[in-house]
Amino acid sequence: KCQVSKLSWGTIADNERILTEFDGHFDVCIGTDVVYEPESVCPMFESAFALLKPNGKFYLANHVHRYAGLEDTVKECAKDMKLYEESMKQLGEGISFSIFNRDVSER
């Protein structure tokens, strides 16, 4: 069964609504081709942290040409939200793929 719901990153009300709608936290969240602007990066990680179970994974894939120059912002925002990058790879032609793990200690 597949379900979708609107999410405005970093919006507490949306995070809470989704947790209620889907009966709790998630093992995995996936973001593909979603990093374009620096100001959207931290809110994205805020929502990922809020929606993931402890030790949950956030998979993030982006086109390198859109992601270029935002790598440091991504790493800093993820670390601030206690989402630690487990691995980062280049997939195929120009795709950056990272796996972030939600820290088991609460913020």
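Residue positions are given per chain, counting from 1 as you read along its sequence in written order. Selection of residues for local features in this predicted model requires a pLDDT of at least 70, selection of side-chain atom pairs for listing and counting requires 80 or more, and totals for whole chains, interfaces and linings are taken over all residues. For side-chain calculations, the full set of non-hydrogen atoms in the structure is used, while hydrogens and water are omitted.

Novice: Looking at this structure, I do not really get helix 1 (residues 12–21). What am I missing?
Specialist: Given 3.6 residues per turn, any residue in an α-helix points the same way as the ones three and four places further on. Note on classification: 1.4 Å probe, protein chains only; a residue is buried when its accessible area is under 20% of the maximum for its type, exposed when over 50%, partly exposed between these limits. Labels follow the DSSP assignment, with helices taken as runs of H or I lasting at least four residues and strands as runs of E lasting at least two, numbered in each case from the N terminus. Within helix 1, the full set of buried residues consists of D14, N15, I18 and L19. Seen from one end, helix 1 has its buried residues packed into an arc of 135 degrees, which puts them on one side. Helix 1 presents I12, A13 and T20 as exposed residues on the side facing more than 90 degrees away from its buried surface. Considering only its buried residues, helix 1 is in contact with strand 1 (26–32) and helix 2 (38–51). Two residues or fewer after helix 1 comes D23, characterised by a positive phi angle close to 60 degrees. As used here, the arc is the angular range of directions from the helix axis to the C-beta atoms. Here, two residues are considered to be in contact whenever any of their heavy atoms come within 4.5 Å of each other.

Novice: Looking at this structure, how should I read the packing of aromatic side chains?
Specialist: What describes a pair of aromatic rings is the distance from one ring centre to the other and the angle between the planes of the rings. Each Phe, Tyr or Trp ring (for Trp, its six-membered ring) is paired with any other whose centre lies within 6.5 Å, and the angle between the two planes then decides the class: stacked below 30 degrees, edge-to-face above 60, tilted in between. Summed over all chains, the structure comprises five aromatic pairs. For the ring pair F45 and F58, a centre distance of 5.5 Å and an interplane angle of 90 degrees mean the geometry is edge-to-face. Placement of the pair is F45 in helix 2 and F58 in strand 2 (residues 52–63), with a sequence separation of 13 residues. A single burial state applies to F45 and to F58, both of which are buried. Seen from their ring centres, Y59 and F97 are 6.0 Å apart, and the 25 degrees between their planes marks the pair as stacked. Of this pair, Y59 sits in strand 2 while F97 is found in strand 4 (residues 95–102), placing the two residues 38 residues apart along the sequence. Through pairs of rings, three or more aromatic residues link up here, namely F45, F58 and F100. Residue placement shows R102 over the ring face of F49; its charged tip is 4.0 Å from the ring centre. In our convention, an over-ring charge means Lys NZ or Arg CZ found within 6 Å of a ring centre and within 35 degrees of that ring's normal.

Novice: Help me understand the nonpolar core in this model?
Specialist: Generally speaking, nonpolar side chains in soluble globular proteins are found buried as a group. With 20 residues, the main nonpolar core has F45, F58, L60, L83 and F100 as its most contacted residues. Looking at this core, the elements that each hand over two or more residues are helix 1, helix 2, strand 2 and helix 4 (71–80). The dominant element in this core, judged by the number of residues it contributes, is helix 2, at six residues. Excluding residues within four positions of it along the chain, F100 makes contact with F45, G56, K57, F58, L60, V74, A78, L83, Y84, E85 and E86. Take the buried residues of types Ala, Val, Leu, Ile, Met, Phe, Trp, Tyr and Cys, join any two whose side-chain atoms come within 4.5 Å, and each joined set is a nonpolar core.

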